[in-house]
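Below are the chains, spelled out letter by letter.
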Amino acid sequence: MSEILIEVKNLDKQYMKQKAVNNASFQIKRGMICGLIGPNGAGKTTIMKMLGGLAIPTGGSISIFGETSENGLAKARSRMSFMIETPYAKEKMTARENLEKQRIQKGIPDKKRIDEVLQTVNLTDTGKKVAKNFSLGMRQRLGIANALLTKPEIMVLDEPVNGLDPEGIVEIRELLLKLNREEGITIIISSHILSELSLLCTDYIFINKGEILQTVSTPELKKICKEFYRIDTDNNSLAAAVLQNKLGLTQFDVDKDGTIRLYEGLENIRDISKALFENGVIPVGLGMNEANLEQYYMNMVGEENEEHNEGTKVSDAKR
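This one's a predicted model, so the numbers in the text were calculated from it and none came from an experiment.

Caption draft 1: Molecular detail of the overall build of the chain. Looking only at helices and strands, the chain has 12 helices and 13 strands in total. With respect to the three principal axes, the spread of C-alpha positions in the chain is 80 × 45 × 40 Å. With 319 residues in all, the chain has 48% of them scored as buried. Considering only contacts within the chain whose residues lie at least 6 apart along the sequence, 69% involve residues at least 24 apart. Just so you have it, the chain exposes about 16700 Å², and 46% of that area is on carbon and sulfur atoms. Each charge class in the chain can be summarised by its mean position, and for the 42 positive and 44 negative side chains these summaries are 8 Å apart.

Now the structure itself:
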């Protein structure tokens, strides 16, 4: 069984009359890249702040590396790093100067560590260029370099690809995968770019209105999000009868709008189309679909968060 590094039980956070996090429970195991998914205001950043000790829970418990006491959690957090909201950087300092300042503040004796992290995040050639002249992607990589100084076992990253262009998103993704695979760093990450999380994460935590809706691994998600063939005809009720009674197909669903999702016999779709036509059904819309992370999220959260979800939708240009 994988080692549990973080265990959260019945966690609450109340701000005045608003409950930002409500009875949240989940586990983070060693080696995970776990995506926190939810609309703006869902409680993702609040959970990250409580993990980092930047916000005090009003209920429930947090265990990190088996530590639960205040002193124990402080010790455990020294084995973690956090990049929450805007990455910290002194505008008039170079990447090296910023990291040297952080190295001293964090009490890291090894000066060579700066060269190591600069190379890891590909910022070795920035020279005398100061942070105020960095691109957004360079700023994010500098923030990750700062988080790496202490050689953390767990990294908590809040929207690290927010606002980046496609090239910058790919750079951060490849960097995080490298840190996970080669250095064994467990990562907790939030992002609105769900297609990007689907290329990165091993596990997902879905959160809405402060409540954990579901936790699911990538293999589990793939089983849920089956490939299917969408069938729309001039008579979908008759089409369903043909599929079942004439072709012996039973693995299909009928959506609210009447269209059919067929999960079997996909290799023989031409024969299926022919059988429908020969039995008096005229196909008006046929196409292969594979349910993705974004669709799964939208179905889970539902229409109640339609306005929030507009900020979570992903265009192909950002993939």
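Caption draft 2: Here's a closer look at the packing of aromatic side chains. Evaluation of the coordinates by the stated rule reveals 3 aromatic pairs. For the pair F228 and Y263, a centre-to-centre distance of 5.9 Å together with 65 degrees between the ring planes defines the contact as edge-to-face. On the criterion of sequence distance, the pair formed by F228 in strand β10 (residues 227–233) and Y263 in the loop between β12 (260–262) and α10 (269–278) is long-range, its members being 35 residues apart. An aromatic cluster of at least three residues, connected via ring pairs, comprises Y204, F206 and Y296. Positioned above the aromatic ring of F65 is the side chain of R79, whose terminal nitrogen or guanidinium carbon lies 3.6 Å from the ring centre.

Caption draft 3: A look at the sheet that holds strand β2 (residues 18–29). On the basis of which strands lie adjacent, the open sheet formed by 3 strands has the order β2-β1-β4 and antiparallel pairing. Strands with a single pairing partner mark the edges of an open sheet, and in this sheet they are β2 and β4 (59–64). Between one strand axis and the next, the sheet turns through 15 degrees on average, direction left out of account. Summarising the sheet, strand β1 (residues 4–15) and β4 pair through 5 bridges and their orientation is antiparallel. Of the residues in β4, the one forming a bridge with K9 is S61. Against the sheet, helix α1 (residues 44–51) engages β1, β2 and β4, with an angle of about 120 degrees to β1.

Caption draft 4: Broad picture of a nonpolar patch on the surface. Side chains of F277, I282 and V284 sit close together on the surface and give an oily, nonpolar patch of about 320 Å² of accessible area. With respect to the helices and strands, the residue I282 is situated in the loop between α10 and β13 (283–290). On the accessibility criterion, I282 (44% relative accessible area) is partly exposed.

Caption draft 5: Broad picture of the sheet that holds strand β3 (residues 33–37). Here we have 6 strands laid out as an open sheet, ordered β5-β6-β7-β3-β8-β9, and mixed in their pairing. Two strands bound the open sheet, and with one partner strand each, they are β5 (80–83) and β9 (211–217). Going across the sheet, the axis of each strand differs from the next one's by a mean of 15 degrees, ignoring polarity. Taken together, the 4 bridges between β3 and strand β7 (residues 186–190) define a ladder with parallel strand orientation. Bridging across to β7, G35 finds its partner in I189. Each of β3, β5, β6 (154–158), β7, β8 (203–208) and β9 is contacted by α1, which is oriented at about 145 degrees to β7, the strand it contacts most.

Caption draft 6: Molecular detail of helix α2 (residues 70–77). Residues of α2 that are buried include every one of G72, L73, A76 and R77, and no others. Around the axis of α2, the buried residues are gathered within 135 degrees of arc, so they sit on the same side. Among the exposed residues of α2, those oriented more than 90 degrees off its buried face are E70, N71 and K75. Close packing links the buried residues of α2 with α1, β4 and β5.

Caption draft 7: Layout of the packing of helix α5 (residues 136–148) against helix α6 (residues 166–183). Their axes nearest at 11 Å, the elements α5 and α6 cross at an angle of 15 degrees. Comparing the axis directions of α5 and α6 gives the class roughly parallel. When you trace α5 past α6, the crossing you get is right-handed. Contacts between α5 and α6 involve Q140, R141, I144 and L148 from the first element and E171, I172, L175, L176 and L179 from the second. Class assignment of the residues belonging to the contact of α5 with α6 gives a composition of 6 nonpolar, 1 polar and 2 charged.

Rules behind the numbers
- Residues numbered from 1 in each chain as written.
- Predicted model: local features only at pLDDT ≥ 70, side-chain atom pairs only at ≥ 80, totals over all residues.
- Heavy atoms only, no water.
- Helix = DSSP H or I, 4+ residues; strand = E, 2+ residues; numbered from the N terminus.
- Buried < 20%, exposed > 50% of the residue type's maximum accessible area, 1.4 Å probe, protein only.
- Contact = heavy atoms within 4.5 Å.
- Areas by Shrake-Rupley, 256 points an atom, 1.4 Å probe, with all protein chains shown as cover.
- Lys, Arg positive; Asp, Glu negative; His and termini not counted.
- Charge placed at Lys NZ, Arg CZ, Asp CG, Glu CD.
- Phe/Tyr/Trp six-rings, centres within 6.5 Å; stacked < 30°, edge-to-face > 60°.
- Lys NZ or Arg CZ within 6 Å of the ring centre and 35° of its normal.
- Pairing = 2+ DSSP bridges.
- Axes fitted to C-alpha atoms, helices over the stretch in contact; angles between N-to-C directions.
- Patch = residues over 30% accessible without salt bridge, like charges linked within 9 Å, V, L, I, M, F, W, Y side chains within 5 Å.
- Salt bridge = Lys/Arg side-chain N within 4 Å of Asp/Glu carboxyl O.
- Arc of directions from axis to C-beta.
- Parallel < 35°, antiparallel > 145°, perpendicular 65-115°, else oblique.
- Left-handed = near helix turned anticlockwise from the far one by under 90°.
- Nonpolar A, V, L, I, M, F, W, Y, C, P; charged D, E, K, R; others polar.

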